[in-house]
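# A look at the structure
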Amino acid sequence: MKKAVVFLAVLSVAFFIASPLFAMAKKAETQDVPAASDKSTAEKVVTYPFKLTGETVKTGGNVVKNSTETVVGTVEATGETLTGDVKKAPEIVTTPIKGTATTAKDAVVDTVETPARACQ
């Protein structure tokens, strides 16, 4: 069982490294590319894992930021309601719902776009 998990992990890493190679090779086939671009393609292949890691960290940072904003908004609405601003009471419920939906949407979009941003 452990061997299968390790194999799948190695296979997925190889996929994430090889997929930009195939994309760049296909792009090179459709364009007249001088031989000097081979160096830039090689550089892109070597730097891709590092850029992917950086983009993944940015995505995680955005999720944490959105989550923090949701919590802060809920706490503010609760505090204002407790100090007498009853009009803010509905925000105690709506802020977490809206914030969670926004955070989930942004996380999915960023996760899908991360490999493409790392290829650039």
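About the thresholds
Residues numbered from 1 in each chain as written. Predicted model: local features only at pLDDT ≥ 70, side-chain atom pairs only at ≥ 80, totals over all residues. Heavy atoms only, no water. Helix = DSSP H or I, 4+ residues; strand = E, 2+ residues; numbered from the N terminus. Buried < 20%, exposed > 50% of the residue type's maximum accessible area, 1.4 Å probe, protein only. Contact = heavy atoms within 4.5 Å. Areas by Shrake-Rupley, 256 points an atom, 1.4 Å probe, with all protein chains shown as cover. Polar contact = N/O pair within 3.5 Å; in protein donor to acceptor, adjacent residues only side chain to side chain. Expected span 1.5 Å × (residues − 1). Bend = angle between axes of the 7 residues up to and from the residue. pLDDT = per-residue confidence, 0-100. Salt bridge = Lys/Arg side-chain N within 4 Å of Asp/Glu carboxyl O.

## Observations concerning the overall build of the chain
From N to C terminus, the chain includes three helices and zero strands. Taken across its 120 residues, the chain has 15% of its residues classed as buried. Counting only contacts in the chain whose residues sit at least 6 apart along the sequence, the fraction spanning at least 24 positions is 69%. Accessible surface for the chain amounts to roughly 8800 Å². Of this, 71% is attributable to carbon and sulfur atoms.

## Quick word on the side chain of Thr-95
Along the chain, the position of Thr-95 falls in helix α3 (residues 89-119). Polar contacts involving the side chain of Thr-95 include one to the main-chain carbonyl oxygen of Glu-91, which spans 2.7 Å. If sequence neighbours within four positions are ignored, Thr-95 has contacts with Thr-70, Gly-73 and Thr-74.

## Section: α3
Over its 31 residues, α3 extends 46 Å from the first C-alpha to the last, a length consistent with the 45 Å expected when each residue adds 1.5 Å. At Glu-113, α3 shows its largest kink, close to 40°, and the proline Pro-115 lies no more than four residues downstream.

## So, the confidence of the model for the chain
Predicted confidence across the chain gives a mean pLDDT of 79, with 73% of residues reaching 70 or more. Taking the mean pLDDT of every element in the chain, the minimum, 65, falls on helix α1 (residues 2-30) and the maximum, 87, on α3.

## Here's the deal with the side chain of Thr-70
Its location among the elements puts Thr-70 in helix α2 (residues 37-82). For Thr-70, a relative accessible area of 12% gives the class buried. With residues up to four places along the chain from it excluded, the contact list for Thr-70 reads Thr-95, Pro-96, Gly-99, Thr-100 and Thr-103.

## Comments concerning the pattern of salt bridges
Counting across every chain of the model gives eight salt bridges. Residue Glu-80 is joined to Lys-88 by a salt bridge in which the shortest nitrogen-to-oxygen separation is 3.6 Å. Here Asp-106 ties to Lys-105 by a salt bridge, and the two come within 3.1 Å at their closest N and O atoms. Because the salt bridges share partners, they merge into one network encompassing Glu-55, Lys-58, Asp-110, Glu-113 and Arg-117.

## As for the environment of Val-72
For Val-72, the position within the fold is in helix α2. For Val-72, a relative accessible area of 40% gives the class partly exposed. Linking Val-72 and Pro-96, residues 24 residues apart in sequence, is a C-alpha distance of 9.7 Å.

## Structural notes on the environment of Thr-59
One can find Thr-59 in helix α2. Residue classification places Thr-59 among the buried residues on the basis of a relative accessible area of 9%. Distance from Thr-59 to Asp-110, taken between C-alpha atoms, is 5.9 Å for residues 51 residues apart in sequence. Here Thr-59 is in contact with Ala-107, Asp-110, Thr-111, Thr-114 and Arg-117, once residues within four sequence places are set aside.

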